[in-house]
Amino acid sequence: MANIGLFFGTQTGTTQTEAEIIQKEFGGEDIVNLNDISQAEPNDFNDYTYIIIGCPTWNIGELQSDWQNFYDELDNIDFSGKKVAYFGAGDQVGYPDSFQDAIGILSEKISAQGGETVGYWSTDGYEFSESKAVRNGKFVGLALDEDNQSDLTNERIKAWVAQLKQEFGL
């Protein structure tokens, strides 16, 4: 059984594709189990000590709709003892005042439920003015921008997964 649960929401398929790349980089479905949040139940999170959350930022700093629908359910999940990493798709040029806000919103809620955030990512190489996802000068997770920096996605995922393997102790 997979020991990492990756929960994602997707509107256009971009975040699902990124989730599949992350799964492959970890070593496949024997290591990472993909869960579409639109099909998930709160107790699905109980199966994992290591969790990856994937959510794109929509409109002006909003959660993707499936995550928005699931948001209140997060109050019913005990994340104590779980290490949680985040990744998100965003557009730093079109929405520089809310770049990656969705992963910031989710990390705040999940941290309040006891989850330990891992996988912080440098803001170097990005051009934006504000983000709810920045803590102590770093993103709370991997920031991806398919609109403006798609050529960096695979390289960023590879580096981030290597970092997570260490932080998860794998």
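Residues numbered from 1 in each chain as written. Predicted model: local features only at pLDDT ≥ 70, side-chain atom pairs only at ≥ 80, totals over all residues. Heavy atoms only, no water.

J.: Mind showing me how you'd approach the packing of aromatic side chains here?
T.: The geometry of an aromatic ring pair is captured by two quantities: the separation of the ring centres and the angle between the planes. A full pass over the atoms with the stated rule returns 13 aromatic pairs. On the numbers, 3.8 Å between centres and 10° between planes, the contact of Phe-7 with Phe-45 is stacked. Of the two residues, Phe-7 is situated in strand 1 (residues 4–8) and Phe-45 in the loop between strand 2 (32–36) and strand 3 (50–54); the sequence distance between them amounts to 38 residues. Note on accessibility: Phe-7 and Phe-45 belong to one class, buried. Both rings, one in Phe-7 and one in Tyr-48, keep their centres 6.0 Å apart while their planes meet at 80°; by these two values the pair is edge-to-face. Of the two residues, Phe-7 sits in strand 1 while Tyr-48 sits in the loop between strand 2 and strand 3, which places them 41 residues apart along the sequence. Both residues of the pair, Phe-7 and Tyr-48, count as buried. (Phe/Tyr/Trp six-rings, centres within 6.5 Å; stacked < 30°, edge-to-face > 60°. Helix = DSSP H or I, 4+ residues; strand = E, 2+ residues; numbered from the N terminus. Buried < 20%, exposed > 50% of the residue type's maximum accessible area, 1.4 Å probe, protein only.)

J.: Looking at this structure, how should I read helix 3 (residues 101–112)?
T.: Along an α-helix, a turn takes 3.6 residues, which lines up residues three or four apart on a common side. With twelve residues, helix 3 should reach 16 Å at 1.5 Å per residue; the first-to-last C-alpha distance of 17 Å fits that figure. Within helix 3, nine of the twelve residues are buried, leaving the element largely enclosed by the surrounding structure. Looking at helix 3, one finds that the buried residues are Asp-101, Ala-102, Ile-103, Gly-104, Ile-105, Leu-106, Ser-107, Lys-109 and Ile-110. One or two positions beyond helix 3, positive phi appears at Gly-114, with a value near 100°. (Expected span 1.5 Å × (residues − 1).)

J.: Whenever I open this one, the pattern of salt bridges confuses me. Can you help?
T.: Close approach of charged atoms allows side chains of opposite charge to pair. Taken as a whole and judged by the stated rule, the model has two salt bridges. Its salt-bridge partner being Lys-158, residue Glu-25 comes within 3.5 Å of it at the nearest N-O pair. Here Glu-25, found in helix 1 (residues 14–26), pairs with Lys-158, found in helix 4 (residues 153–167); they are 133 residues apart in sequence, far enough to count as distant. By relative accessible area, which is 28% here, Glu-25 ends up partly exposed. The salt bridge involving Asp-75 is made with Lys-109; its shortest N-O contact spans 2.8 Å. Of this pair, Asp-75 sits in the loop between helix 2 (65–70) and strand 6 (83–89) while Lys-109 is found in helix 3, placing the two residues 34 residues apart along the sequence. Note on Asp-75: relative accessible area 40%, which makes it partly exposed. (Salt bridge = Lys/Arg side-chain N within 4 Å of Asp/Glu carboxyl O.)

J.: Any chance you could explain the nonpolar core here in plain terms?
T.: Note that soluble globular proteins tend to have their nonpolar side chains buried in a common cluster. Phe-45, Ile-52, Ile-53 and Trp-67 are the most contacted members of the largest nonpolar core, which totals 47 residues. Mapped onto this core, the elements with two or more residues apiece are strand 1, helix 1, strand 3, helix 2, strand 6, helix 3, strand 11 (142–144) and helix 4. No other element matches the five residues that helix 3 contributes to this core. Apart from the residues within four sequence positions on either side, Phe-45 is in contact with Phe-7, Ile-37, Ile-51, Ile-53, Trp-67, Phe-70, Ile-77, Phe-79 and Lys-82. (Core = buried A, V, L, I, M, F, W, Y, C linked by side-chain atoms within 4.5 Å. Contact = heavy atoms within 4.5 Å.)

J.: I keep staring at the environment of Gly-114 and nothing clicks. Help me out?
T.: Inspection of the secondary structure assignment puts Gly-114 in the loop between helix 3 and strand 7 (116–117). Along the primary structure Gly-114 and Asp-78 are separated by 36 residues, whereas in three dimensions their C-alpha atoms are 6.5 Å apart. Discounting residues that sit within four places of it in the chain, Gly-114 has contacts with Phe-79, Ser-80 and Gly-81.

J.: I would appreciate a short explanation of the sheet that holds strand 9 (residues 134–135) in the present structure.
T.: Two modes of strand pairing occur in sheets, parallel and antiparallel, and in both the strands are linked by backbone hydrogen bonds. The three strands lie next to each other as 8-10-9, forming an open sheet whose pairing is antiparallel. Looking at the sheet topology across the chains shown, the edges are occupied by strand 8 (121–122) and strand 9. As defined by bridge partners, strand 8 adjoins strand 10 (residues 138–139) across two bridges and the pair is classed as antiparallel. Within strand 10, the residue paired with Ser-122 across the bridge is Lys-138. (Pairing = 2+ DSSP bridges.)

J.: I keep staring at the layout of surface pockets and nothing clicks. Help me out?
T.: To find the voids left in a structure, one rolls a probe of water-molecule size over its atoms. Empty space within the largest pocket amounts to approximately 320 Å³. Considering the residues around the largest pocket, the lining is formed by 17 residues, among which Pro-56, Thr-57, Trp-58, Ala-89 and Asp-147 are closest to the centre. Sorting the residues of the lining of the largest pocket by element identifies helix 1 and strand 4 (57–58) as the ones contributing at least two each. Residue composition of the lining of the largest pocket, by class: four nonpolar, ten polar and three charged. (1 Å grid on protein atoms, 1.4 Å probe; cavity = no way out; pocket = protein on both sides within 12 Å on 5 of 7 lines; lining within 4 Å. Points joined across faces, edges and corners; volume = space filled by probe spheres on them. Nonpolar A, V, L, I, M, F, W, Y, C, P; charged D, E, K, R; others polar.)

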